[in-house]
Amino acid sequence: MDSSFFLTIVAAAIGLLTLLRKLIFLQEDNREKDHSSSSPSSSLSPSTVPPPSSSSSSRIWTHDVFPSFRGEDVRKHFLSHIKMEFERKGITPFSDNEIKRGESIGPELIRVIRGSKIAIILLSRNYASSIWCLDEMVEIIKCREELGQTVMAIFYKVYPSDVKNLTGDFGKVFRKTCAGETKENIGRWRQALAKVATVAGYHSGNWDNEAAMIKKIATDISNILNNFTPSNEFDGLVGMGAHLKKMEPLLCLGSGEVRMIGIWGPPGIGKTTIARVAYNQLSNSFQLSVFMDDIKVKYSRLCSDDYSAKLQLQQQFMSQIIDHKDMVVSHLGVAPNRLKDKKVLVVLDGVDCSLQLDAMAKETWWFGPGSRIVITTQDQKLLRAHGINHIYKVDFPTNDEALQIFCTYSFGQKSPKEGFEELAREVTRLAGELPLGLRVMGSYFRRMSKQEWINSLPRLRTSLDTDIRSILKFSYDALDDEDKDLFLHIACFFIYEKVHKVEEYLAKKFVEVRQRLNVLAERSLISIDWGVIRMHSLLEKLGKEIVCKRSIHEPGQRQFLYGCREICELLTGDATGSKSVIGIKLDYYKIEEELEVSEKAFDGMSNLQFLQVTGYSAPLQLTRGLNYLSHKLRLLHWSHFPMPCFPCNVNLEFLVELIMIGSKLEKLWEGIKTLGSLKWVDLCDSVNLKELPDLSTATKLEKLYLRNCSSLVKLPCLPGNSMEELDIGGCSSLVEFPSFIGNAVNLLKLNLFSFPNLVELPSYVGNATNLEYLNLSDCSHLVKLLLSFGNLHKLQADTDTKRMHLDLRGLSTVGNVVNLQTLNLSSLPQLLEVPSFIGNATNLEDLILSNSSNLVELPLFIGNLQKLKRLRLEGCTKLEVLPTNINLESLFELNLNDCSMLKIFPEISTNVRNLYLIGTAIGQVPPSIRSWSRLDELKMSYFENLKEFPHALERITCMCLTDTEIQEVRPWIKKMSRLSVFVLKGCRKLVTLPTISESIRYMDASDCKSLEILECSFRNQYLTLNFANCFKLNQEARNLIIQNNCRYAVVPGGQVPPYFTHRATGGGPLTIKLNEKPLPKYMTFKACILLVNKVDHDACSEENSMEVDVIYQNSNKKLYPALAEHLYIFRVEAEVTSSELIFEFKLKRDAVWKIGECGLVRDAEVPSC
């Protein structure tokens, strides 16, 4: 044979063998990869790092990584390089330098292996030559199987198949090691090697660059360690467990469907935090997961056109979810094509437009079975438009939760530090219980002293923190111009106003007011509850700040005016308004003295639409009248209006509502005015009003309130077709019942109480088929009722037969009572039993039988009233029997106060919230009240064996000592942990008061004439104490009351004590010089006032036991009861404008009392109790 041909054959054979070997290797390698891709613990990319088992995550770890290796193969090269990469990434591997190697591994090394989070088996050519290495490997596989340890394999210059099948050089080395070994050891090693060969790992033959391989290994291990121990950054978040519990049914994780879930709520309420915690807990259960945070800020309008914007959004989304930084998305089909077979968890945080959803999660079929897409937003409409019906509305935290959140950030614990309790509660209220506000304010106050807290509070009451403002303003900036304007109208003027009224007020200003209100509500900037508009206090501050900043130095150029000082300057002529002003809202209850309003006050305000001036008295005077009121007025609300008549040139064509309660009006205006928009008029308590003008043009008038207009003699014809409510109760001079233009078919409410001239109701009242409410109380000459009361949906027979000769037997013939909602039969001494027709009033909500002094029993048919909310039986002094075995499910309030014959605890509703039992003979409390979860308020009288009912001590909120002969209050009173009101008035034999619960907020111990000793302490900053006429109190007790940190206290005393470092005769003035630098903006003091009589007679007489008003700076305080030889202690706050503060106290128009002495002390100087 030709030698060249032979050589060719040999070469071909060698080449074929080489090719076959490579094919075998590739087949084995692919098999390893296939196995890896199907194994749940094999994927080592950052997005699919295997979660550690629950057992492993709870153990104590000593090392990040335990490497098992054969030193002679890898120590100087590969191992040293990988350790260096570990060091760069902060990974701590075990080093075996300190362990002496022997024939077998010892207990110390076993502890190290078990204490390592990850074990790496570095399989090299001579690995199996070491019995030590083989025993390490066996222990590692044992930890993997028994403890869930994470194990990785690195095949360094060996084939996985050689390891598994013990072939090649690796097999030769292993067989050599096995020579002379026991079958047991050989079997353990073989079994372990077979398992190691199937562990996910790295094969050096797949890498051209060893450095890249090492970097990949270190990166993957780093990612595993990141996910190894569950994050504890969200541990202890207040209320988070409850949020996640409520989200469980929405997430429905057991379902294989693809589900989109919305988390909706106002800015700063914690939507992102809830989503982050849910993501943190759930992401390991999904193949892929991504948290796209703050989308509205980071990804808003990246491009000029919508399609390009969607492409960029989807590119960002896909880059993050599959960890591909430079990914290119050329069309919007990329996301569904890549993700439709993957179980993914996606959180899209802060979504504010549909484009964002269309780009990243347009349809559920884009994602694989079991996927969950969570979207957080302020816009509920956006979720609905995208077809998302599983929506979690994030509610504000409870009062207790809000306090815990604040304390977590301010004190590093969930409760206030001692001495900061009430300060912490006040800041919590200022934050409006908004988690964002609580966090920011908590961080602000952290490590501040108590005085620094006190000095900071006034500023926080009026202005927003910068961080809070920036977050809230982002939501405002996202509105269009019309909605922004509406937001400012609400913030400055219409919070707590009824929606239907706001719609009318703003009908000329905005198109589709209700729709725009819904937009604000959907974006969580307002809420509409029971038809009333509400806005969070921080958003209100934001709106007012925006208005203020538009004209900082010239208030008269602003759109809305609401500051008392600025408005007063404008009204008195010291400043001028402009056509920019559309709304003025003045609450003048803090104005000390009378203020003369200029006749030119409103001359320049031609666009004024809303004018509201309210308060408790009449300090504003208009002795020169008014020149002008804007003809654009929509709302005119001026309490105690001081003029007898409107300006003659007034034009009220656009006026919707007129409110002038307590005015000095004698008539409104002369002649006929155009009143085509007028719907609501309230002139109650205008005692000088003698007549109303012609109202024939007020064709839309719905409500007319004239209650207690006692000088009113005659009414004009009223527009009957539109009239819904008419209140002429207390119009004692009115001679005739008013007539209507048209019929009164739409009349719903008619109040005629104290109408002495009414003998018989006009027949058209009986034909008012929609009438719901009729009050005839104290109509002393009414002798005949209509026979058509069956038409009434609501009936209030508020009567007193001592003053009214009215045959009430007709009530028993009331026919159609199924719609009856309110029934008042109070003060009927001849009522011996509850009328039987009440049992058929199944829609009844309010039943009032108060002071029915001969009523003995409440019938069983009361159990039919399952919609009953309030049942009032107070003063039914002969009531002995209540039904049993009934449960009024809707009952909110049950009042049995002063039912002195009642001995059995009422168990007629387990859902009752307010239960009043003061003045009853009840001597036992059933244990079942522990399960009355809705019981918020329980008022009871003290009885001696109450201590035998610990379940009662836990629930009582108000305790009254009705036995005034009691000589001792038992010490167990301090166990009443929820007690807030404690009344022991008139207990004239009581000598000592023991320790009481610190939850007390009000204590009345007046007229306890023998009381000497107080063993209690008073730490509650909001506590009110009344020790009037307790003249035997010892000096220690008096000092305790005077020095405590309560809100208000009354105690006997003849002079202001020296505790008050600044004192003066009369009301001062008191001058306080300040040395602090810089000066605080506000300071808090405690004041002490001593009253004396102006006239020489008994100061304790009934005539003088009244309240008086003391005025200081821009505030006032009511002192009650007004008594001589008594000290009144209360807290005052002063604005610091210079280094010298001047206080002067005055009484407000009082003919009996004057100030004898006064005193002040810095709040921080008062000794703690």
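Refer to the structure presented above.
Residues numbered from 1 in each chain as written. Predicted model: local features only at pLDDT ≥ 70, side-chain atom pairs only at ≥ 80, totals over all residues. Heavy atoms only, no water.

Asker: How should I be thinking about the pattern of salt bridges in this particular structure?
Answerer: Oppositely charged side chains are able to pair whenever their charged atoms sit close together. Enumeration over the complete set of coordinates arrives at 38 salt bridges. The partner of Arg870 in a salt bridge is Asp846, with the nearest N and O atoms 2.4 Å apart. Of this pair, Arg870 sits in strand β28 (residues 870–872) while Asp846 sits in strand β27 (residues 846–848), and the two are 24 residues apart along the sequence. (Salt bridge = Lys/Arg side-chain N within 4 Å of Asp/Glu carboxyl O. Helix = DSSP H or I, 4+ residues; strand = E, 2+ residues; numbered from the N terminus.)

Asker: Even after reading the chapter, I still don't get the packing of helix α7 (residues 168–178) against helix α8 (residues 183–196), so can you show me in this structure?
Answerer: Axis angle and axis distance: for two packed helices, these are the angle between their axes and the distance between the axes, and together they describe the pair. The geometry of α7 relative to α8 is characterised by a closest axis approach of 11 Å and an angle of 160° between their N-to-C directions. In terms of orientation, α7 and α8 fall into the roughly antiparallel class. Here α7 runs over α8; the crossing is right-handed. Here α7 contributes Phe170, Phe174 and Cys178 to the contact with α8, which in turn contributes Ile186, Trp189, Arg190 and Leu193. (Axes fitted to C-alpha atoms, helices over the stretch in contact; angles between N-to-C directions. Parallel < 35°, antiparallel > 145°, perpendicular 65-115°, else oblique. Left-handed = near helix turned anticlockwise from the far one by under 90°. Contact = heavy atoms within 4.5 Å.)

Asker: Looking at this structure, how should I read the sheet that holds strand β43 (residues 1115–1119)?
Answerer: By way of backbone hydrogen bonds, the strands of a sheet pair with one another, either parallel or antiparallel. The strand order β43-β42-β46 describes an open sheet built from three strands, whose pairing is antiparallel. In the strand order of this sheet, the two ends are held by β43 and β46 (1146–1147), each with one partner. Judged from the five bridges that link them, strand β42 (residues 1108–1112) and β43 form a sheet pairing that is antiparallel. By the bridge assignment for β43, Val1108 is matched with Leu1119. (Pairing = 2+ DSSP bridges.)

Asker: For this particular structure, what's the right way to read the side chain of Asn607?
Answerer: Mapped onto the elements of the fold, Asn607 is located in the loop between β14 (595–596) and β15 (610–614). Among the polar contacts listed, one links the side chain of Asn607 to the backbone oxygen of Lys579, at a separation of 2.9 Å. Here Asn607 is in contact with Lys579, Val581, Ile582, Ser630 and Lys632, once residues within four sequence places are set aside. (Polar contact = N/O pair within 3.5 Å; in protein donor to acceptor, adjacent residues only side chain to side chain.)

Asker: For this particular structure, what's the right way to read the sheet that holds strand β3 (residues 150–155)?
Answerer: Taken in spatial order, the four strands line up as β1-β2-β3-β4 in an open sheet, and their pairing is parallel. Sheet topology places β1 (63–68) and β4 (201–203) at the edges, where each strand pairs with a single neighbour. The average angle at which neighbouring strand axes cross in this sheet is 15°, direction not considered. Here β3 runs beside β4; their pairing, made up of three bridges, is parallel. Note on β4: the bridge partner recorded for Ala153 is Gly201. Docked against the sheet, helix α4 (residues 107–114) engages β1 and β2 (116–123), running at close to 120° with respect to β1.

Asker: What am I meant to see in the packing of aromatic side chains here?
Answerer: Summed over the entire model, instances satisfying the criterion amount to 27 aromatic pairs. Plain terms: the ring middles of Tyr279 and Phe291 are 5.6 Å apart, the flat faces sit at 75° to each other, and that makes the pair edge-to-face. A residue pair is termed long-range when its members are at least 10 positions apart, and Tyr279 in helix α11 (residues 271–282) and Phe291 in strand β6 (residues 288–292) qualify at 12 residues. In terms of burial, Tyr279 and Phe291 fall into one category: buried. When the ring of Tyr476 is compared with that of Phe487, the centres are 5.5 Å apart and the planes differ by 50°; the resulting orientation is tilted. Here Tyr476 is found in helix α21 (residues 466–477), whereas its partner Phe487 is found in helix α22 (residues 481–494), with 11 residues between them in sequence. Within the aromatic cluster, the residues linked to one another by ring pairs are Phe493, Phe494, Tyr505, Phe560, Phe610 and Trp680. (Phe/Tyr/Trp six-rings, centres within 6.5 Å; stacked < 30°, edge-to-face > 60°. Buried < 20%, exposed > 50% of the residue type's maximum accessible area, 1.4 Å probe, protein only.)

Asker: Where do I start with the environment of Val834 in this structure?
Answerer: Relative to the assigned elements, Val834 resides in the loop between β26 (822–824) and β27. With residues up to four places along the chain from it excluded, the contact list for Val834 reads Leu849, Leu855, Glu857, Leu858, Pro859 and Phe861.

Asker: For this particular structure, what's the right way to read the state of the cysteines?
Answerer: Think of a disulfide as a covalent bridge from one cysteine sulfur atom to another cysteine sulfur atom. Per the counting criterion, the structure on display carries zero disulfides. Cysteine Cys1030 shares no disulfide, and the gap to the nearest cysteine sulfur, in Cys1008, comes to 5.0 Å. (Disulfide = S-S within 2.5 Å.)

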